[in-house]
Amino acid sequence: YICMKKNYGLLINGKWVKGSSSLNVLNPLNDKIISKISTANIEESIEAVNNCHYAFKSWSKFSAKNRSDILKNFYNLVKKNRKKLSEIITLESGKPIQESNVEVDYGASFIEWSAEQALRINSDVFESPELGKKLFTIKSPIGVVAAITPWNFPLAMVTRKVSSAVAAGCSVILKPSELTPITALELGSMSLEAGFPPGVFNIINGDPKIIGEVLSTNTLIKKITFTGSTKVGKLLMKNSSSTVKNISLELGGNAPFIVFSDANLDEAIDGFMMAKFRNAGQTCISANRLFVHKSVSNIFIDKLINRLKRLNVGDGMKSNDIGPLISDKALKKIIDHVGDAKKKGAKIQFGGNRHKLGGLFYEPTLISNVKKNMKVFNKENFGPIIPMIEFEKDDEVINKSNDTDYGLAAYFYTKNSSRVWKNINNLEYGMIGINSGKISTYLNPFGGLKESGIGREGSLQCLDPFLETKFVLWNYD
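A brief report on the enclosed structure follows. None of these values were measured; they are calculated from a predicted model.

## As for the pattern of salt bridges
Overall, the coordinates contain 24 salt bridges when judged by the stated rule. Notably, a salt bridge pairs K79 with D105, separated by 3.0 Å at the nearest N-O pair. One end of the pair, K79, is in helix α2 (residues 64-80); the other, D105, is in helix α4 (residues 97-117), with 26 residues separating them in the sequence. Relative accessible area serves as the criterion here: at 34%, K79 is assigned to the partly exposed category. D105 sits in the partly exposed class, given a relative accessible area of 26%. One continuous salt-bridge network, built from bridges that share partners, spans R160, K161, E250 and E457.

This is the structure we're talking about:
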């Protein structure tokens, strides 16, 4: 495999700094140490914020063309190092190598797109109702941005946030997940090689509670962008209120996947496998609840079980379909959810146990006769388990789909065009896939409703979360 550094420092003001302490990064496949990283205490975190603030003053004055050119350099370096980055992602997170390859390409697309959008920051001039006056707006970078990213997409979540913020003229301080920090640190090295001025992109690792409190309460930070659990998002939102920070949150999900009676079942199976088992089901937009019309449920179950039997579980470096879960905590959660479902009357159609490989592996699992009071229905399971619910009427399944505090992603398969429009209007989700299990590109506004978050990332408006609008009235007469 690739050769990584034995020790990684903190990236502060364009230099690698040894932190006050360190932690080991473990491979979830075998619990072996991959590398060691420096961690920051409160004082070092504040120092990083101060340097980031200082860098913003000059970076915000760079021309859009200069910022765009540097980001294009960054994009080219990420693509050039695709193999190395993919292997690091798999070693850190356990996801299959083919998925890591896709993530590098996906993450790089955000850099390229943000570089292009840096040249398209528009101002508006509009007519005044009074003579002798002009009215216009201008866009300016919001300031220092604190980005906090999750473990399950250690490259794409970083590039989606950082590239847009930097393109807008902001400086960034990044806190990646302590479970998968090496990918972000490698991106930090590439950012310096690409020409990022010192302090524009800083990376600190450490205790998420300590660093999270510093970032969410420090007055120099003007924007928080966070992807992670709803619980942590609420805490950051509460802390940020003390300084009235601008905040974007992309939080948990409980995505329904609906198969109507008129659906093409083979296509629905393909879409479901894609939506469910990416990264062993450990994604925020993973299909979390499978709703199948009663008239086709028996056929669908047979087809689905045949597909589950063909899934290869094992080392992600060996092109298996499903790798290990990320941690013992994640494994215990899955065991608890399945046990709770069985206790309350659910039926295990396939799987239902820790995998024979041991470690952090769990069998792909299909559970039927699922009820609302079961954890597999009302909690985000974040694993390779499928809670299946039968339905008969359209209104019934829409109501059940919406019966959750989350509203990130939803999927459904049908050939009925009138049903399509009705479901689009009635499903309480920020992103909807119709006859497709894949919805993520750099062009879609990524985000959810209800407790799945605030704001959107990506899309034509990818720079907007990092820009402030100033209104000007000019009395020139």
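## Considerations on the packing of α2 against α4
As a packed pair, α2 and α4 sit with axes 8 Å apart at the nearest point and diverge in direction by 165 degrees. By the angle class used here, α2 and α4 are roughly antiparallel. Here α2 and α4 pass one another in a crossing that is left-handed. Between α2, through S68, L71, K72, F74, Y75, V78 and K79, and α4, the contact on the second element is made entirely by V104, D105, A108, I111, E112, S114, A115 and E116. When grouped by side-chain class, the residues that make up the contact of α2 with α4 number eight nonpolar, two polar and five charged.

## Comments concerning the sheet that holds strand β20 (residues 431-434)
Pairing in this open sheet of seven strands is mixed, and the strands run β15-β16-β17-β14-β13-β19-β20 from one edge to the other. Here the strands that pair on one side only, and so sit at the sheet edges, are β15 (347-350) and β20. Here the strands of the sheet are splayed against their neighbours by 25 degrees on average, with no regard to which way each runs. The pairing of strand β13 (residues 255-259) with strand β14 (residues 287-293) spans five bridges and is parallel. Within the sheet, the bridge partner assigned to A255 lies in β14 and is A287.

## Points about the side chain of S459
Its location among the elements puts S459 in the loop between β22 (453-454) and β23 (467-475). In this structure S459 touches W113, Y442, L443, N444 and P445, once residues within four positions along its chain are discounted.

## Regarding the packing of α2 against helix α6 (residues 182-194)
Following both chains from N to C, one finds α2 and α6 inclined at 130 degrees, their axes separated by 8 Å at the closest point. With respect to each other, α2 and α6 are oriented oblique. Note that α2 runs across α6; the crossing there is right-handed. For the pair formed by α2 and α6, the contact residues are I70, N73, F74, L77 and V78 on the first element and L187, M190, S191, E193 and A194 on the second.

## Points about a nonpolar patch on the surface
A cluster of nonpolar residues, I42, I46 and I210, forms a patch on the protein surface that exposes about 220 Å² of accessible area. Within the fold, I210 resides in helix α7 (residues 208-217). Given the relative accessible area of 34%, I210 is considered partly exposed.

## Regarding a positive patch on the surface
Positive charge collects at one region of the surface, where K209, K231, K329, K333 and K379 lie side by side. Positionally, K231 belongs in helix α8 (residues 230-240). What makes K231 exposed here is its relative accessible area of 72%.

The rules we used
Residues numbered from 1 in each chain as written. Predicted model: local features only at pLDDT ≥ 70, side-chain atom pairs only at ≥ 80, totals over all residues. Heavy atoms only, no water. Salt bridge = Lys/Arg side-chain N within 4 Å of Asp/Glu carboxyl O. Helix = DSSP H or I, 4+ residues; strand = E, 2+ residues; numbered from the N terminus. Buried < 20%, exposed > 50% of the residue type's maximum accessible area, 1.4 Å probe, protein only. Axes fitted to C-alpha atoms, helices over the stretch in contact; angles between N-to-C directions. Parallel < 35°, antiparallel > 145°, perpendicular 65-115°, else oblique. Left-handed = near helix turned anticlockwise from the far one by under 90°. Contact = heavy atoms within 4.5 Å. Nonpolar A, V, L, I, M, F, W, Y, C, P; charged D, E, K, R; others polar. Pairing = 2+ DSSP bridges. Patch = residues over 30% accessible without salt bridge, like charges linked within 9 Å, V, L, I, M, F, W, Y side chains within 5 Å. Areas by Shrake-Rupley, 256 points an atom, 1.4 Å probe, with all protein chains shown as cover. Lys, Arg positive; Asp, Glu negative; His and termini not counted. Charge placed at Lys NZ, Arg CZ, Asp CG, Glu CD.

Everything listed here is a matter of geometry and, on its own, says nothing about what the molecule does.
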